[in-house]
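Here is how the chains run, residue by residue.
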Amino acid sequence: MVRMGPDVPLLNEYKQEFFWKRFPQTVLGGPRFKLGYCAPPYVYVNQAVLFLTPWLFGGIGTLLCQLQLLQELHAAVLSGMLMFAAAAAVQALALYAARRSGTVERLGAPNILVDEEEVEFTHCVSPETVRFIAPGKKFGLNVVLHTVLAGVLCGFGTWYVFLGRLTALYGSIGVSLVVFVLSWVILCIAEYSLIVNTATETATFQAQDTYEITPLTRPLYILIFISVDLADRFSGPVSELHLACQVLHVLFLFLPLLWALGILPPLDALLLWGMEQALVFGLGGSPMSSNIRLLLMFGVSAGVAVCNFFIPSTLGVVLFSVSTGFLLSLDLSQVGKICKGPNVAFGDHGLYRGGTPPSPPSSFGWSLGCRELLLYFSLLLVAMVEVGLLHHFFGSAQSQGLVPGPQPPVSYLILSLFGLCWTLKEIQGAYVFGGIFLNPLYPKEMSSVQTFRQRDRPLYTAAAIRRVLLYLVSPFAMIAFLSMDKSLHLLHSASLSVGFTRAFRVVWQNSEDALLQMVVVVSVQLAAGNNLLPGWDDLGTGVQLLLVGLLIDRLTQFLAKLKFTLTVMVTSWTEKKQRRQSAGTLLALNASLCPLVLAVVALSALLSAPLLPLFTLPIFLVGFPRPQRSWPGPVGTACPCLDSIFYHQMSGSLASALRTAFARGSLGSVAPGSHFLGRFQDRMVWIMILERGYGYCTVNIKGLELQETSCHTVEARRVDEVFEAAFERPERLGFTQGFNLHWGNALTPCAALAVRVYSDARNVLSGIIDSHDNLRKLQNDFLKALVWLLLRYCVQKHKGFLWSSEEGSGGRKSQSSQLAQTTCNQPPEAVVVESNVSSHMYRQDSSSLTSFGDWSDEDDLFGPQSTRRTVALVTAEAQVGHPALQTGASLPGSVEMDSLFENMALSSLQPLQPLGLGIGMPAIDKGRNPDVFRESPGSLPHLNFSCPQSEVFNLPTGWRMAPLLPSRLLQLRPLFPEDWFRFALGRFGPAVQGEATEDMTKALKEDEALKELHSQVALSCLISLGAESAFTSPSYVYRLYCGDVPWTEGLDWLSSSKELYQLALRAFRFSFKLLFDQASLGPMESPEELFSTLEEYERDWYIGLVTEKGWHDSILQEKPFLFSLGQDLAMGTYTGRVLSLQDQLVQVGRLNGEGVRGQWANLSWELLYATNDDEERYSIQAHPFMLRNLTVQAADPPLGYPIYSSTPLHFPCL
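These numbers were taken from a predicted model, which means no experiment stands behind them.

What follows is about the environment of His391. Looking at the element boundaries, His391 is found in helix α15 (residues 370–395). Relative accessible area serves as the criterion here: at 4%, His391 is assigned to the buried category. Here the alpha-carbon distance between His391 and Phe481, two residues 90 residues apart in the chain, equals 9.7 Å.

Below, the structure written as structure tokens:
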């Protein structure tokens, strides 16, 4: 974000012109009368004629009917046939024009420039003119369907607005004429949108209308109005239906306004929203996490209600309702995993791939195993026995009162359970009474996870009691009350069947909400006593619960929307950075039109539709109804980058923590559509509840970007302030300190959750990497680390733990040696500079970061780069059997500036410093006397080990064939750490000898041939890396750490042996980590300390680069520590990055769900209709109260840009 503040334009000049061209098209249904450029008059005349054609045909039928030449039905059929013929002619002409122009279009590809292109018109029926006016359909089936529907619509529309019918409804010729004229305008709008050209709707749900559903929207809404009129015509005299026809004929005239304002939803959104509302409030279910699950659950639940209507016995209805309600409220997604193991079932959720989850998947509820089946079967059996006995013995024994038999004790039990559960839930969070007052019982110590857990134990005990009462006692008390209700004997009516089907289902599906609804119904019954409530009692308990649940939901939405409305209005003036020049005028209008604003809020709550603040200004509209998920696509789409892996790693541990928090009630009442925000260090986690049932919950976890923009930083700072006020508070609170000073904020802190995450620490290495004293030690540390790795390699090879070199990352997998002392899966620890081939293979295997290999710390502004000669390329060629120098050798001593990273931009690299690599070294003629530099395997001297056990530590023959003069090795021989070699050999020796004696160990140490072998290999690696002299340049150290080894005379030999090259590179990285630790903590005091440190590096650390696949795998497999060396190109400094895996407190707060839905509705309107994709637009600027920028980020792509989004995560909550 570059510009911030109230002066940012809502729409730039270009978008304003575009909007005022598009909006009239939307109002009129598609005619383009405002083009922005000059067009011949016949273009406008043709559109006007096509627009009025339905009215012409309808007028012919109406005239013939008025002249009594035809009956109403025949006149309507005539008008429909004429319209059908005209529509067929238009479609045929559009097809002919498409073939004449020869334009080939890819189906489903949106033409985003259709409103911007300038067309050269030749004459009134030229192909260009026809295609401009009537583009035609993409699918042949739609040509037939839309043409037939156009005729049907015109025929029924003519019948709907006959003057005789209108006069019979209103009894006035003048009113009938006005309604007749305006109704035909609306019919013309719908017909034009269906046949000629479809306008872009303000109510847009899908980003692309692939199957051409949008043209059907307006005609089908008109057919809904017509269906009511037909029902009144053919049914008997029903006063209510006649009144509905009068009202709907008037409401029919406002359809263009409703279409223009985007209140009426598209057909796909209408279908999903209708099924969701019917499932939740009519059948007792829950919103689903996907459209397929919603469709299947709605069908099965509706089938249960139909079966209840036809079951003759009330006892059978009760038993069937209880059993199906319980079964349908369970997590049915686990049914397909019964035959799978718990690890596989847990892995299918997408939480972990290749790592051990923090919460064991074998714990109760993660998969549908024998324990879960036994518990569910026991609960179902007890429930059926209970309701069967109670209904049999007490259901038929009714007295004259409203609460017969033993219902009064059960009623009081329900009231007591509600009071206890509400109290125990209220004390679990950081705030009480709707987030107004601080909870004095909540732990105030946040210094460590262990201390927090100790102080949280009393609340945990209270939560366990609540869990038993809510999930085990309350459902049985509620079904006992329902099974003895007298209205069960009136079941054979549609309303009562639906009511009791819902009542017995919601008891299990959402026990907390069902308990509240039951308390309201019971309270009314107890307050009425023996008095009859005529309208209320006739409904029956099931329908009463349905109405109470609907009323509570709509009232809750109204209050949340009202709070959001007040927040938008007040902050538009109080926040200086949000105060626009029109703020005062808008506030005055809202104050003067206060009843209208309240009506808009009430209407949006009644329709369960988002309250849309236009451009996030205090201009409120009713958005079109849509499902709770707000977005049409599948859950789990994101815009991945390198930082996405952190959210992927923590999602499993966070799901386990959320499981406990939901069960305890720490996060309040958790209902589908609720949104939560978690904060830890620089990470923002967005949590959305998708589905809720008995003992399970389904959530979607999103991760927001870590590289914060200015807007992101402003809102993140306010989030930190809100959490600090809730969790970092004094032990004793004063009267004023007990209030929530941020109550008006969209975020209300709830709880702190212990989550196993990586703590990220970054240090500037100035004074460490550029210190000459430290660099002088680096050479010795490198040799010690390389010797240790060579000996360890021999031990691993002897025990059979080494894998073949065909592994993609060249490292080991699971190691269980005595030295590793660990049983967890190890990441590929061998460091590899990845080639293009390996990166491509990794991108194919990755499922979370589909384009991980294409991302880098800097965007590549210059596109694909030319092929570069890197160590990685040499290694890849050697692996597949190509000659090492097939593509041409580089100049001796030259440095390739663009070879540092395969994926880093060339422009991001600063000029390298002189490295002193011996430029001018004489060229080597490999055709002459090659034996000077390379000996054949047969000419190598035979190694005569003095100790039989030395054969275990023998190295491959090729590692002794370095093309180096013996004099050079002899000159560097004093650098070899003999004492360290003997010490390490003494430590590794027992690992391969078992119970070795002191004499055997001593003989092993005194084997000179073994020492010379390891000395030759270690010093050859030292020369090949160009480190035979002490390191003097930080840039050279950094390049070696990154694997960008400059050319030396031994580099080809070293890179030809993949295993040795990896060991050498890893040894150098170990030595740099030793340098870093010794500079920070002090030097190593003994060989034992150095040996244990190297063991710790191998076992608990990944030391490499952020861009490597091993870094990604290590985070997923939860390696305890990770270290990376980096370079800040802007500051010219080197940085060290350390990741530490530990339990940390992630602070979680509840967001105003209606505020989120409203901002997402505006985002959808603004980007899909107004196409306002300006990155500096007003509606994306920072808003500390509404958290506007974070909310936009959390939207699903392509409108939002979360860097991580999990698939729906199902986890238990019992």
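Our next topic: the packing of aromatic side chains. Using the criterion set out here, one finds 50 aromatic pairs in the structure. Centroid distance Phe51 to Tyr192: 6.2 Å. Interplanar angle 55°. Geometry classified as tilted. Of this pair, Phe51 sits in helix α2 (residues 41–66) while Tyr192 sits in helix α7 (residues 173–196), and the two are 141 residues apart along the sequence. Comparing Phe51 with Tyr192 shows no difference in burial state: the two are buried. The interplanar angle of 50° and the centroid separation of 5.5 Å between the aromatic rings of Trp631 and Trp1160 together place this pair among those described as tilted. With a gap of 529 residues between them, Trp631 in the loop between β4 (620–622) and α25 (644–664) and Trp1160 in helix α39 (residues 1153–1169) connect regions that are remote in the sequence.

Okay, a nonpolar patch on the surface next. A cluster of nonpolar residues, Trp422, Phe433, Ile436, Phe437, Phe739, Leu741 and Trp743, forms a patch on the protein surface that exposes about 690 Å² of accessible area. Structurally, Phe433 is set in the loop between β1 (431–432) and β2 (437–438).

This paragraph deals with the environment of Lys425. By the element assignment, Lys425 lies in helix α16 (residues 407–426). Along the chain, Lys425 and Arg664 lie 239 residues apart, while their C-alpha atoms are 7.1 Å from each other. Look past the residues within four positions of Lys425 in its chain and what remains in contact with it is Arg466, Glu512, Gly665, Gly668 and Ser669.

Let us look at the nonpolar core. The tendency in soluble globular proteins is for nonpolar side chains to be buried as a group. Of all hydrophobic cores here, the largest spans 123 residues; its most connected members are Phe662 and Leu667. If one sorts the elements of this core by residue count, helix α18 (residues 457–483) sits on top with twelve residues. When residues no more than four places from it in sequence are discounted, the contact partners of Leu667 are Leu658, Ala661, Phe662, Phe676, Cys750, Ala751, Val1148 and Arg1150. Within the second largest apolar cluster, 80 residues are counted, among which are Leu783, Leu969, Ala984 and Phe1076.

The description of two packed helices rests on the angle between their axes and on the distance between the axes. At a minimum axis separation of 11 Å, helix α27 (residues 772–799) and helix α37 (residues 1087–1100) run at an interaxial angle of 65°. Considering the angle they form, α27 stands roughly perpendicular to α37. α27 and α37 meet at a crossing whose hand is right-handed. For the pair α27 and α37, contact is made by Lys784, Ala785, Trp788, Leu789 and Arg792 and by Leu1090, Phe1091, Leu1094, Glu1095 and Glu1098, respectively.

Scanning all chains against the criterion turns up zero disulfides. Cys154 takes part in no disulfide bond, and the closest cysteine sulfur to it belongs to Cys188, at a distance of 8.4 Å. Cys154 gets classed as buried once you look at its relative accessible area, which sits at 2%. The class for Cys188 is buried, based on a relative accessible area of 1%.

This next bit is on the pattern of salt bridges. Taken as a whole, this structure holds 34 salt bridges when the rule is applied. For the salt bridge of Glu512 with Lys425, the shortest nitrogen-to-oxygen distance reads 3.2 Å. In this pair, Glu512 is assigned in helix α20 (residues 511–528) and Lys425 in helix α16, connecting sequence segments 87 residues apart. In this structure Lys425 comes out as buried when scored by relative accessible area, which is 11%. Arg1099 is paired through a salt bridge with Asp1100; the nearest N and O atoms lie 3.4 Å apart. One salt-bridge network, in which partners are shared between bridges, spans Arg973, Glu978, Asp979, Arg982, Glu1008, Lys1011 and Glu1012.

Moving on, we get to the pairing of strand β9 (residues 1101–1104). Judged by which residues are buried, β9 turns out to be covered on both faces: Trp1101 and Ile1103 on one side and Tyr1102 and Gly1104 on the other are all buried. Examined bridge by bridge, β9 and strand β10 (residues 1121–1128) share four bridges and lie parallel to one another. Within β10, the position partnered with Trp1101 by the bridge is Phe1121. Running through helix α38 (residues 1109–1116), the crossover from β9 to the neighbouring parallel element β10 is right-handed.

Now for helix α26 (residues 710–727). Taking 1.5 Å per residue as the helical rise, α26 with its 18 residues ought to reach 26 Å, and the 26 Å between its terminal C-alpha atoms agrees with that figure. Burial in α26 covers these residues: Cys711, His712, Glu715, Ala716, Arg718, Val719, Val722, Phe723, Ala726 and Phe727. The buried residues of α26 occupy an angular sector of 160° when the element is viewed end-on, so they sit on one face.

What counts and what doesn't
Residues numbered from 1 in each chain as written. Predicted model: local features only at pLDDT ≥ 70, side-chain atom pairs only at ≥ 80, totals over all residues. Heavy atoms only, no water. Helix = DSSP H or I, 4+ residues; strand = E, 2+ residues; numbered from the N terminus. Buried < 20%, exposed > 50% of the residue type's maximum accessible area, 1.4 Å probe, protein only. Phe/Tyr/Trp six-rings, centres within 6.5 Å; stacked < 30°, edge-to-face > 60°. Patch = residues over 30% accessible without salt bridge, like charges linked within 9 Å, V, L, I, M, F, W, Y side chains within 5 Å. Areas by Shrake-Rupley, 256 points an atom, 1.4 Å probe, with all protein chains shown as cover. Salt bridge = Lys/Arg side-chain N within 4 Å of Asp/Glu carboxyl O. Contact = heavy atoms within 4.5 Å. Core = buried A, V, L, I, M, F, W, Y, C linked by side-chain atoms within 4.5 Å. Axes fitted to C-alpha atoms, helices over the stretch in contact; angles between N-to-C directions. Parallel < 35°, antiparallel > 145°, perpendicular 65-115°, else oblique. Left-handed = near helix turned anticlockwise from the far one by under 90°. Disulfide = S-S within 2.5 Å. Pairing = 2+ DSSP bridges. Right-handed = clockwise from strand over helix to strand, strands pointing away. Expected span 1.5 Å × (residues − 1). Arc of directions from axis to C-beta.

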